[in-house]
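Below are the chains, spelled out letter by letter.
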Amino acid sequence: MKRALITGITWQDGFYLSNLLIEKGYEVFGMYRRSVLDVHERVPHINPKVNLIEGNLRDAASMISVIKKYMPDEIYNLAAQSFLPSSWDHPELTCDINGMGVLRLLEAIRIVNPKIRLYQASSREVFGVPEKSPQNEETPINPLNPYSAAKAFAQAMIKSYWEKYGIYSSFGIAFNHESPRRGKEFVTRTISHAVARIKMGLQESFELGNLDTKRDWGYAGDYVELMWLSLQQDKPDSYILATGETHTIREFVKEAFKVVGMPLTWEGNGLDEVGKSDGKIVVKINPEYYRPGEAEWLFGDISKAKKVLGWEPKTKFRNLVKIMVEEDLKGAKKEKLLMNS
Ligand code: NAP
């Protein structure tokens, strides 16, 4: 039975990847960092077959002892300070987790067992504002914030450790991927959660920024398959994880209201634009969230992953919105029941 260690088990990708690896017959160790809240309360959704273990990427000794104790064949490093705006509030912390954390992992692998294979979750943010579209594995790296600068550093370390020590480590350069497990601070989940609550009469409206911002959004459940495949090859490599399609936030909102049977119309322009359903305002623009002229040319080219790994995402945009809204609707129904009980 192969053993896998997943860092960042508590959030989105950790959930989907642990399920996939358990299906494939792995013994899975999911690493979380200690907090006052009991871990089982924090991750009630996680598969009970996952062995939850404590560790912290900020501490080299902790990483060495976790690897020594559980002796994984594969490590999937999903842990990160992954909310980009927070990387400006906590630049040093972000670089420590997202950059130095990967170096600590590589060192721990080198010291304990250089045969362990590592997958590193990187981000399309490393491209900054690229000159060409779509982006692929050859697109020049040009990070423009602490989050992506740390991810770029991690990529460079991974390549160096392969060259110097032969440590097998692949990285995936992921475009946005979403699911019902996405944090509510991310726009897709803000929308699915609010739409479900509006449908259940738990709130009247919600606020967004630029509705015409475009994103290449995929489903996290599809992307974890590539993570696993990238560690089953003869040589480590880097791969783009994307859908190759972009959609606007406006489209996401409209689809989300469609899922709950509330057709939406838009009125007004710019900061005064509103979304209405059944004559009531349900979406407003908040200038605080408004970022004009955002990168519309950001979308990924997955030709390499298709050719080398035979991977491509299965979930289309409409289905992704449906999956997210339907799950949040279940939560909103429970919330309503609790309120009325
Ligand atoms: P996420 O929801 O932000 O989860 C991050 C995880 O990292 C959490 O489980 C968090 O644990 C853990 N963590 C943070 N600091 C840690 C530390 N010092 N030691 C150990 N664990 C720590 O991330 P996600 O959306 O699942 O994404 C997974 C990875 O893919 C991340 O590295 C992210 O940067 C990358 N990525 C994601 C996307 C996307 O669209 N989702 C796109 C590109 C790249 P706590 O519960 O304790 O906070």
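Please read these numbers as outputs of a predicted model, since none were measured by experiment. (Residues numbered from 1 in each chain as written. Predicted model: local features only at pLDDT ≥ 70, side-chain atom pairs only at ≥ 80, totals over all residues. Heavy atoms only, no water.)

Quick word on the overall build of the chain
Across its full length, the chain holds eleven helices and 15 strands. The C-alpha atoms of the chain give 21 Å as radius of gyration, which agrees with the globular expectation for 341 residues (20 Å, within 12%). The principal-axis extents of the C-alpha atoms in the chain amount to approximately 65 × 50 × 40 Å. The buried share of the chain, reckoned over its 341 residues, is 53%. In the chain, the share of contacts with a sequence separation of at least 24, taken over all contacts with a separation of at least 6, comes to 74%. With 46 positive and 44 negative side-chain charges, the chain shows a separation of 4 Å between the mean positions of the two kinds. (Helix = DSSP H or I, 4+ residues; strand = E, 2+ residues; numbered from the N terminus. Rg over C-alpha atoms; globule rule 2.2 N^0.38 Å. Buried < 20%, exposed > 50% of the residue type's maximum accessible area, 1.4 Å probe, protein only. Contact = heavy atoms within 4.5 Å. Lys, Arg positive; Asp, Glu negative; His and termini not counted. Charge placed at Lys NZ, Arg CZ, Asp CG, Glu CD.)

Things to note about the packing of aromatic side chains
Tallied over the full model, the rule gives eleven aromatic pairs. Ring plane angle 25° and centroid distance 6.4 Å describe the contact between Phe206 and Phe257, whose orientation is recorded as stacked. Of this pair, Phe206 sits in strand β8 (residues 206-208) while Phe257 sits in helix α9 (residues 249-259), placing them 51 residues apart in sequence. You can call Phe206 buried: its relative accessible area is 6%. (Phe/Tyr/Trp six-rings, centres within 6.5 Å; stacked < 30°, edge-to-face > 60°.)

Re the sheet that holds β8
Reading across from one edge, β8-β15-β14-β13 is the order of the four strands in this open sheet, with mixed pairing throughout. Strands with a single pairing partner mark the edges of an open sheet, and in this sheet they are β8 and β13 (265-267). Put simply, the sheet's adjacent strands are angled 30° from each other on average, direction ignored. As judged from the three bridges shared by β8 and strand β15 (residues 280-285), these two strands associate in the parallel manner. What sits directly across from Phe206, in β15, is Val283. Each of β8 and β15 touches helix α7 (residues 187-199); the most contacted strand, β8, lies at about 155° to it. Along the sheet, α9 contacts β8, β13 and β15; its crossing angle with β8, the most-contacted strand, is approximately 155°. (Pairing = 2+ DSSP bridges. Axes fitted to C-alpha atoms, helices over the stretch in contact; angles between N-to-C directions.)

Observations concerning the packing of helix α5 (residues 91-112) against helix α6 (residues 146-165)
Direction vectors running N to C along α5 and α6 enclose 15°, while the axes themselves pass 8 Å from each other. Regarding the angle of α5 to α6, the classification is roughly parallel. Read as a crossing pair, α5 and α6 show a hand that is right-handed. Along its contact with α5, which presents Pro91, Thr94, Cys95, Asn98, Gly99, Met100, Val102, Leu103, Leu106, Glu107 and Arg110, the element α6 presents Pro146, Tyr147, Ala150, Lys151, Phe153, Ala154, Met157, Ile158, Tyr161 and Tyr165. (Parallel < 35°, antiparallel > 145°, perpendicular 65-115°, else oblique. Left-handed = near helix turned anticlockwise from the far one by under 90°.)

Concerning the side chain of Thr139
Mapped onto the elements, Thr139 comes out in the loop between β5 (117-123) and α6. A distance of 2.8 Å separates a polar side-chain atom of Thr139 from the backbone nitrogen of Asn136. The contacts of Thr139, once residues within four sequence positions are left out, are Phe127 and Pro130. (Polar contact = N/O pair within 3.5 Å; in protein donor to acceptor, adjacent residues only side chain to side chain.)

Quick word on helix α1 (residues 12-23)
The first and last C-alpha atoms of α1 sit 17 Å apart over twelve residues, in line with the 16 Å expected at 1.5 Å per residue. Counting buried residues in α1 gives ten out of twelve residues, a clear majority hidden from the surface. For α1, the full list of buried residues reads Gln12, Asp13, Gly14, Phe15, Tyr16, Leu17, Ser18, Leu20, Leu21 and Ile22. Buried-residue contacts for α1 involve β1 (3-7), β2 (27-32), β4 (74-77), β7 (177-178), β10 (218-219) and α8 (220-230). Gly25 occupies a position one or two residues after α1 and carries a positive phi of about 90°. (Expected span 1.5 Å × (residues − 1).)

Description of the nonpolar core
The tendency in soluble globular proteins is for nonpolar side chains to be buried as a group. One finds Leu17, Leu21, Tyr76, Ile191, Phe206, Val253 and Phe257 to be the most contacted residues of the largest nonpolar core, which totals 101 residues. By residue number, the principal contributor to this core is α5, which donates eight residues. If we ignore the near neighbours within four places in the chain, the residues touching Leu17 are Ile6, Tyr76, Leu78, Val224 and Met227. (Core = buried A, V, L, I, M, F, W, Y, C linked by side-chain atoms within 4.5 Å.)

Re a nonpolar patch on the surface
Residues Val129, Leu144 and Trp297 make up a contiguous nonpolar surface patch of about 270 Å² in total accessible area. Residue position: Leu144 is located in the loop between β5 and α6. Classification of Leu144 as partly exposed rests on a relative accessible area of 49%. (Patch = residues over 30% accessible without salt bridge, like charges linked within 9 Å, V, L, I, M, F, W, Y side chains within 5 Å. Areas by Shrake-Rupley, 256 points an atom, 1.4 Å probe, with all protein chains shown as cover. Salt bridge = Lys/Arg side-chain N within 4 Å of Asp/Glu carboxyl O.)

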